[in-house]
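Residue-level structure breakdown
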Amino acid sequence: MNKKQDNNKILSLLPQFSQMDAAARRLLDEHGRIIQVAKGSVIFRPGSVCETYLIVIEGSVRTSMVSDSGREIVLYRVESGQSCVLTTSCLLGGLEYNAEGVAETDIVALGLPRSVFLQLLEVSESFRQLAFGAFSERLRDLMVLINEVAFGQIDRRLAAYLMKKAKAGEVRATHQEIAVELGTAREVVSRVLKDFEGRGIVGLERGRIRIVSPQQLSM
């Protein structure tokens, strides 16, 4: 794919760039590049130097943190048309990453060098609105997550998770995978699921949770 084809793909898949002013479009044309990452690849990890501003065009990146005890919590996912709040923060502050980003699927993304990202923030109001609008939205999501982890009742959070993830009346996930998503321990998830099963709300099988009573689960 040549440079012109790259930029045509950027504009077709990220329509927000078509609204940018001429200065921003010129910098994008000169320095933007398409980056492809294979599923399962680690895009960044704690201690990594942040050098590139990324906006996902296709795919999903899972951003998570692991405590000293080994417990993992998913902070958020970056999907089509979105950027990573940690990347933005690190680029602005010249900081290293303190979390891990893993490609959950094959990824196609727009990459901009840090110097160009900072230049775009300086010269383009439309780019500033795009970058900080995404930053604000993701920061709000993180505040919601912090509130849920700190104050939310795990049974309600687990019920909401099951309702959201259920397909054809079931959720295919291990207790450990659910624990990571909810930022809690596997034993806690297993205990609550066992309680749900005893109350006739779910049926438990290896790697699969059947939703028996969605009415009770959504209460």
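For the structure itself, look to the data block above.
Calculation notes
- Residues numbered from 1 in each chain as written.
- Predicted model: local features only at pLDDT ≥ 70, side-chain atom pairs only at ≥ 80, totals over all residues.
- Heavy atoms only, no water.
- Phe/Tyr/Trp six-rings, centres within 6.5 Å; stacked < 30°, edge-to-face > 60°.
- Helix = DSSP H or I, 4+ residues; strand = E, 2+ residues; numbered from the N terminus.
- Buried < 20%, exposed > 50% of the residue type's maximum accessible area, 1.4 Å probe, protein only.
- Core = buried A, V, L, I, M, F, W, Y, C linked by side-chain atoms within 4.5 Å.
- Contact = heavy atoms within 4.5 Å.
- 1 Å grid on protein atoms, 1.4 Å probe; cavity = no way out; pocket = protein on both sides within 12 Å on 5 of 7 lines; lining within 4 Å.
- Points joined across faces, edges and corners; volume = space filled by probe spheres on them.
- Pairing = 2+ DSSP bridges.
- Axes fitted to C-alpha atoms, helices over the stretch in contact; angles between N-to-C directions.
- Patch = residues over 30% accessible without salt bridge, like charges linked within 9 Å, V, L, I, M, F, W, Y side chains within 5 Å.
- Areas by Shrake-Rupley, 256 points an atom, 1.4 Å probe, with all protein chains shown as cover.
- Salt bridge = Lys/Arg side-chain N within 4 Å of Asp/Glu carboxyl O.
- Parallel < 35°, antiparallel > 145°, perpendicular 65-115°, else oblique.
- Nonpolar A, V, L, I, M, F, W, Y, C, P; charged D, E, K, R; others polar.

1. A word on the packing of aromatic side chains
- One pass over the full model with this rule turns up four aromatic pairs.
- Judged by centre distance (4.5 Å) and plane angle (25 degrees), the ring pair of Y53 and F117 falls under stacked. Here the residue Y53 occupies a position in strand β3 (residues 52-58), and F117 occupies one in helix α4 (residues 114-123), the gap between them amounting to 64 residues. As far as the burial class goes, Y53 and F117 line up, both buried.
- Ring geometry for Y53 against F127: centres 5.9 Å apart, planes inclined by 70 degrees, an arrangement best described as edge-to-face. Of this pair, Y53 sits in strand β3 while F127 sits in helix α5 (residues 125-151), placing them 74 residues apart in sequence.
- The buried category is assigned to Y53, whose relative accessible area is 2%.
- Here the aromatic residues Y53, F117 and F127 are joined through ring pairs into a cluster of three or more.

2. Observations concerning the nonpolar core
- One finds Y53, L75, Y76 and F127 to be the most contacted residues of the largest nonpolar core, which totals 39 residues.
- Looking at this core, the elements with two or more residues in it are α2 (22-31), β3, β5 (72-78), α3 (85-93), β7 (107-113), α4 and α5.
- Filtering out sequence-adjacent residues up to four positions away, L75 remains in contact with T63, S64, M65, L86, A99, L142 and L145.
- Counting residues in each nonpolar core, the second largest holds 19 residues, with Y161, A173, F196 and L217 among its members.

3. Let's talk about the layout of surface pockets
- Approximately 660 Å³ is the volume found for the largest pocket.
- If you trace the largest pocket, you find 18 residues lining it, with R77, L145, E148, K164 and E181 closest to the centre.
- Taken together, the elements giving at least two residues each to the lining of the largest pocket come down to β5, α5, α6 (154-165) and α7 (175-182).

4. A closer look at the sheet that holds β5
- Strands sit in the order β2-β6-β4-β5 across an open sheet of four strands; the sheet is antiparallel. Of all strands in the sheet, those bounded by a partner on one side alone are β2 (42-44) and β5. Taken over all neighbouring pairs, the strand axes of this sheet differ in orientation by 30 degrees on average, direction set aside.
- Sheet topology places β2 next to strand β6 (residues 100-103); two bridges connect them, and they run antiparallel. By the bridge assignment for β6, F44 is matched with G101.

5. Structural notes on the side chain of E170
- Within the secondary structure layout, E170 lies in strand β8 (residues 170-171).
- Taking relative accessible area as the criterion, E170 reaches 16% and is therefore assigned buried.
- If we ignore the near neighbours within four places in the chain, the residues touching E170 are K165, R208, I209, R210 and I211.

6. Describing a nonpolar patch on the surface
- A cluster of nonpolar side chains, contributed by L139, M143 and I146, occupies part of the molecular surface with about 300 Å² of accessible area.
- Along the chain, L139 falls in helix α5.

7. Here's the deal with the packing of α6 against helix α8 (residues 186-198)
- Contact pair α6 / α8: the axes reach a minimum separation of 10 Å and the direction vectors enclose 75 degrees. Relative to α8, the element α6 is oriented roughly perpendicular. Of the residues in α8, those touching α6 at I154, D155, L158, A159 and L162 are V188, V189, V192, L193 and F196.
- The residue inventory of the contact of α6 with α8, partitioned by class, reads nine nonpolar, no polar and one charged.

8. Points about the pairing of strand β9 (residues 202-205)
- For β9 and strand β10 (residues 208-211), the ladder comprises four bridges, and the chain directions are antiparallel. In the sheet register, L204 faces β10, and the bridge partner there is I209.
- With antiparallel pairing between neighbouring strands as the criterion, β9 and β10 make up a hairpin whose turn holds two residues, including G207 at a positive phi of roughly 70 degrees.

9. Notes on the pattern of salt bridges
- Tallying each qualifying case throughout the model produces 13 salt bridges.
- Residue R77 is joined to E181 by a salt bridge in which the shortest nitrogen-to-oxygen separation is 2.5 Å. One end of the pair, R77, is in strand β5; the other, E181, is in helix α7, and 104 residues separate them in sequence.
- Measuring nitrogen to oxygen at the nearest pair gives 2.3 Å for the salt bridge that ties R208 to E205.
- Accessibility expressed as a relative area gives 22% for R208, which makes it partly exposed.

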